[in-house]
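Structure at a glance
The chain contents come next:
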Amino acid sequence: MKLLRIGSVGAERPALLDASGTLRDLSGLVPDIDGDLLADAAAMDRLRVAAQGGALPELPGGGEGEAESLRVGPPLGRIGKIVCIGLNYHDHARETGAAVPAEPIVFMKAPDTVVGPHDTVLIPRGSEKTDWEVELAVVIGRTARYLESHEEALASVAGYAVANDVSERAFQIERGGQWDKGKNCETFNPLGPWLVTADEVPDPQALSLRLWVNGELRQDGTSAEQIFPVAEVVRYLSHFMTLYPGDVISTGTPAGVAMGMAEPKPYLRDGDVVEVEIEGLGRQRQLLKSA
């Protein structure tokens, strides 16, 4: 299923995108797309049955060819925590001159950085090095702690989504302390458009990831390049923290970020447009504006 949330900020309603491209209203069945829903196998089964039965009402304005007029919010409400993996692609490590890490590099991103996939992204005041990062986001669907196998890890995954891990490199690297200062500026985590349930993504290591800036292709990678694959990331993290339904893991970015390019590096500026896409998971578009 392709689950999403439609409406103005703070007033999104749950919806489903059917095979014809029509948005179906889920508000009569569930209050929201969140961790509580993802952890409820019976409720998820009811959604599947309703979707297959064709009885779900059409969302007003959500018919085929009309849905572009509706705001798409983040596909997940009440996100618990966002755990990010740094330097998790072989090609990205090469382009930045970094050594391949022996263990996953872990940092956190606050849930309040999350915005819809087409919402405006704000360049922080004083920023000169705002960068882009297309990432495969993993959404947890059952409590995971001290997992022992990759099979257990993948069984804990409810679905996948597109993320743009927007980063301010000077704040992240040149200002001392941890990476968090360059990762947690407002609007720095566009997420969506959909939460695609895990049954529709048979192999998370076989997805193409692309990102364009002002129409120019900047990132063109594959999740096969991940140093630590999705199953290992989930298993590994479960030994350092408990993962709960509604938690999100951003699994790193492939080569092609501004930081890895020759001088003058083409960092983002007011008026730039970023488009982000992962195979089968949808596409984002953001206009950059100064905060």
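So, here's what we can say about the structure. Keep in mind that this is a model prediction, so the values were computed, not measured.

1. A few points about the state of the cysteines
One way to say it: the disulfide is the covalent bond shared by the sulfur atoms of two cysteines. The full count for this structure, using the stated rule, is zero disulfides. Note on Cys84: no disulfide assigned, nearest cysteine sulfur contributed by Cys185 at a separation of 13 Å.

2. Considerations on the packing of aromatic side chains
Going through the model one piece at a time under the given rule, you end up with two aromatic pairs. Seen in terms of ring centroids, Tyr236 and Phe240 are 4.8 Å apart; in terms of plane orientation they differ by 40°. Their pairing is tilted. A relative accessible area of 57% means that Phe240 is categorised as exposed. Between the NZ or CZ atom of Lys2 and the centre of the ring of Trp194, over which it lies, the distance is 5.4 Å. Sitting over the ring of Trp212, Arg283 keeps its end group 4.2 Å from the ring centre.

3. A short note on the nonpolar core
Residues Leu4, Tyr160, Val234, Leu237, Ile249, Ile278 and Leu281 are the most contacted members of the largest nonpolar core, which totals 52 residues. It is helix H6 (residues 230-237) that provides the largest number of residues to this core, a total of five residues. Residues in contact with Leu237, not counting those within four places in the same chain, are Val83, Ile85, Val106, Leu243 and Ile249. With 27 residues, the next largest nonpolar core counts Leu3, Val30, Ala137 and Ala163 among its residues.

4. What to know about the sheet that holds strand S17 (residues 273-278)
Strand order in the open sheet formed by five strands is S7-S18-S17-S14-S15, and the pairing between neighbours is mixed. Lying at the two open borders of the sheet, with one neighbouring strand each, are strand S7 (121-123) and strand S15 (216-222). Between one strand axis and the next, the sheet turns through 20° on average, direction left out of account. Alignment of strand S14 (residues 208-213) against S15, held across six bridges, turns out to be antiparallel. Residue pairing in the sheet places Arg210 in a bridge with Asp220 of S15.

5. Quick look at the environment of Asp180
Turning to its location among the elements, Asp180 is positioned in the loop between helix H5 (169-174) and strand S12 (189-190). Leave out the neighbours within four places in its chain, and Asp180 touches Phe107 and Met108.

6. Some details on the pattern of salt bridges
What the rule picks out here adds up to 25 salt bridges. Salt-bridge contacts for Arg5 lead to Glu12; the nearest nitrogen and oxygen are separated by 3.7 Å. For the pair Arg5 and Glu12, a shared accessibility class is recorded, and that class is buried. Measuring nitrogen to oxygen at the nearest pair gives 3.6 Å for the salt bridge that ties Glu216 to Arg218. Overall, the relative accessible area of 43% leaves Glu216 in the partly exposed class. Bridged by salt links that share partners, the residues Lys109, Asp131, Glu133, Asp165, Arg169 and Lys183 form one connected network.

7. Overview of the sheet that holds strand S10 (residues 157-164)
Read from one edge of the open sheet, nine strands run S3-S2-S1-S13-S10-S9-S16-S4-S5, paired in mixed fashion. Each edge of the sheet is formed by a strand with only one pairing partner; in this case those strands are strand S3 (23-25) and strand S5 (105-109). Strand-to-strand twist across the sheet, computed as the mean angle between neighbouring axes with direction ignored, equals 30°. Pairing analysis gives three bridges linking strand S2 (residues 13-17) to S3, with the strands arranged antiparallel. Within S3, the residue paired with Leu16 across the bridge is Arg24. Running over the sheet, H6 touches strand S4 (82-86), S5, strand S9 (134-140), S10 and strand S16 (248-250) and is turned about 55° from S9.

8. Some details on H6
The buried fraction of H6 amounts to eight of the eight residues, a majority that puts the element mostly inside the structure. Those residues of H6 that sit buried are Val230, Ala231, Glu232, Val233, Val234, Arg235, Tyr236 and Leu237.

How each quantity is defined
Residues numbered from 1 in each chain as written. Predicted model: local features only at pLDDT ≥ 70, side-chain atom pairs only at ≥ 80, totals over all residues. Heavy atoms only, no water. Disulfide = S-S within 2.5 Å. Phe/Tyr/Trp six-rings, centres within 6.5 Å; stacked < 30°, edge-to-face > 60°. Buried < 20%, exposed > 50% of the residue type's maximum accessible area, 1.4 Å probe, protein only. Lys NZ or Arg CZ within 6 Å of the ring centre and 35° of its normal. Core = buried A, V, L, I, M, F, W, Y, C linked by side-chain atoms within 4.5 Å. Helix = DSSP H or I, 4+ residues; strand = E, 2+ residues; numbered from the N terminus. Contact = heavy atoms within 4.5 Å. Pairing = 2+ DSSP bridges. Axes fitted to C-alpha atoms, helices over the stretch in contact; angles between N-to-C directions. Salt bridge = Lys/Arg side-chain N within 4 Å of Asp/Glu carboxyl O.

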